[in-house]
Amino acid sequence: MTEHHPAPQAGSEPSRTVEVERKYDVDDATPLPDWTGLPGVDEVSQGEVRELDARYLDTADAELSRAGVALRRRTGGPDAGWHIKGPREGDGRVEIGWPLGDDDSVPTEVTETLSRWTTGELTPLARIENTRTAYLLTGRDGVIAEFVDDRVRATDLRQGVSREWREWEFELGPAAPADAAGRETLFAAVEAAVHTAGGRTAASGSKLARALGF
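Summarised in this report is the structure supplied together with it.

1. Some remarks on the overall build of the protein chain
For the protein chain, the helix and strand inventory stands at four helices and eleven strands. Expected size for 214 residues packed as a compact globule is a radius of gyration near 17 Å; at 17 Å, the protein chain falls within 12% of this value. With respect to the three principal axes, the spread of C-alpha positions in the protein chain is 50 × 35 × 30 Å. Across the 214 residues that make up the protein chain, the buried fraction comes to 43%. Contacts in the protein chain between residues at least 24 apart in sequence constitute 66% of all its contacts with a sequence separation of at least 6.

This is the structure in structure tokens:
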């Protein structure tokens, strides 16, 4: 479950969130889902457009990718900064974040955290640009989920291959059900709405994997 925090300041403790989300593939003209009747949801916000630009790094022999870890530097949006996405644990992934810093060099705090997986040289892996429209789904106790409509332009920097696609993400918020049964009921309703609109369960597990052709 993601709790949205302000970006950490230089020298402060990194932000830590647990992402629990579902991803869906959609065609360019697929209409947005109708969230009417989604359990606990009383209101859907107007869409907020965000222009995101992320650069991913890894070692030459892909030590991070093989460990299920991703490192990126992203600009744009409310969580711009350096992010490490850890290996999937159960239904979610831990994401650790630091501020951007003054240049493109990897901050010491980031390399220290990465050392449990690699101490090798990090080089550019992929660039993912994304025009995102984000919607907050709220209920009596706050944000139940964030739904995003992503139009993605990705480049595999090592192979020189570019790809474009559209996808949706539905990520649980702090007011989402805390119990497994409640989450299962919510996600079942989400998938029914998505499939009715014409969406499909994502064929790729992440934007980075798809950018690299997986």
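2. Topic: the pattern of salt bridges
Taken as a whole and judged by the stated rule, the model has 24 salt bridges. Asp104 serves as the salt-bridge partner of Arg73, at 3.5 Å between the closest nitrogen and oxygen. One end of the pair, Arg73, is in strand E5 (residues 70-75); the other, Asp104, is in the loop between strand E7 (92-98) and helix H2 (108-114), and 31 residues separate them in sequence. Where Glu169 meets Lys207, a salt bridge forms, and the shortest distance between an N and an O atom there is 2.7 Å. Taken together, the residues span a long stretch of sequence, with Glu169 in strand E10 (residues 161-172) and Lys207 in helix H4 (residues 207-211) at a distance of 38 residues. One exposure class covers both Glu169 and Lys207, and it is buried. Three or more residues joined by partner-sharing salt bridges are found here, namely Lys23, Arg132, Asp150, Glu167, Glu169 and Lys207.

3. Describing the environment of Ser15
Topologically, Ser15 is positioned in strand E1 (residues 15-19). Assessed through its relative accessible area of 22%, Ser15 is described here as partly exposed. In the structure, Ser15 is positioned 84 residues away from Pro99 in sequence and 9.4 Å away in space, judged by C-alpha atoms.

4. Considerations on unusual backbone geometry
Negative phi values dominate among residues other than glycine, just as trans dominates among peptide bonds. Despite not being glycine, Ala62 shows a phi value in the positive range, around 60°. With respect to the element layout, Ala62 can be found in the loop between strand E4 (48-58) and helix H1 (63-66).

5. Topic: the environment of Pro174
Tracing the chain through its elements places Pro174 in the loop between E10 and helix H3 (180-197). Here Pro174 falls in the partly exposed class, since its relative accessible area comes to 46%. Here the alpha-carbon distance between Pro174 and Ser115, two residues 59 residues apart in the chain, equals 30 Å.

6. A look at H3
Between the first and last C-alpha of H3 there are 26 Å, a value that for 18 residues agrees with the 26 Å anticipated at 1.5 Å per step. When H3 is considered as a whole, its buried residues turn out to be Gly182, Arg183, Leu186, Phe187, Val190, Ala193, Val194 and Ala197. Relative to the axis of H3, the buried residues are bounded by an arc of 120° and lie together on one face. Residues Ala180, Glu184 and Thr196 are exposed on H3 and point more than 90 degrees away from its buried face. Those residues of H3 that are buried are in contact with strand E2 (21-26), strand E9 (142-156), E10 and strand E11 (200-201). Taken from the residues just after H3, Gly198 is the one with a positive phi, measuring 115°.

7. Here we look at the nonpolar core
Counting 21 residues, the largest nonpolar core has Trp35, Leu38, Leu137, Phe170 and Val190 as its most contacted members. If you list the elements that add at least two residues to this core, you get E2, strand E8 (123-139), E9, E10 and H3. By size, the runner-up hydrophobic cluster in this structure holds twelve residues, among which are Ala54, Ala70, Leu125 and Trp165.

8. Remarks on the pairing of E4
Both E4 and E8 contribute to a ladder of eleven bridges, which runs antiparallel. Opposite Arg50, over in E8, you have Arg132 as the bridge partner. Across five bridges, E4 lies against E5 in antiparallel orientation. If you follow Tyr56 over to E5, its bridge partner there is Arg72.

Rules of the game
- Residues numbered from 1 in each chain as written.
- Predicted model: local features only at pLDDT ≥ 70, side-chain atom pairs only at ≥ 80, totals over all residues.
- Heavy atoms only, no water.
- Helix = DSSP H or I, 4+ residues; strand = E, 2+ residues; numbered from the N terminus.
- Rg over C-alpha atoms; globule rule 2.2 N^0.38 Å.
- Buried < 20%, exposed > 50% of the residue type's maximum accessible area, 1.4 Å probe, protein only.
- Contact = heavy atoms within 4.5 Å.
- Salt bridge = Lys/Arg side-chain N within 4 Å of Asp/Glu carboxyl O.
- Expected span 1.5 Å × (residues − 1).
- Arc of directions from axis to C-beta.
- Core = buried A, V, L, I, M, F, W, Y, C linked by side-chain atoms within 4.5 Å.
- Pairing = 2+ DSSP bridges.

Purely spatial values, then, with no claim about function.
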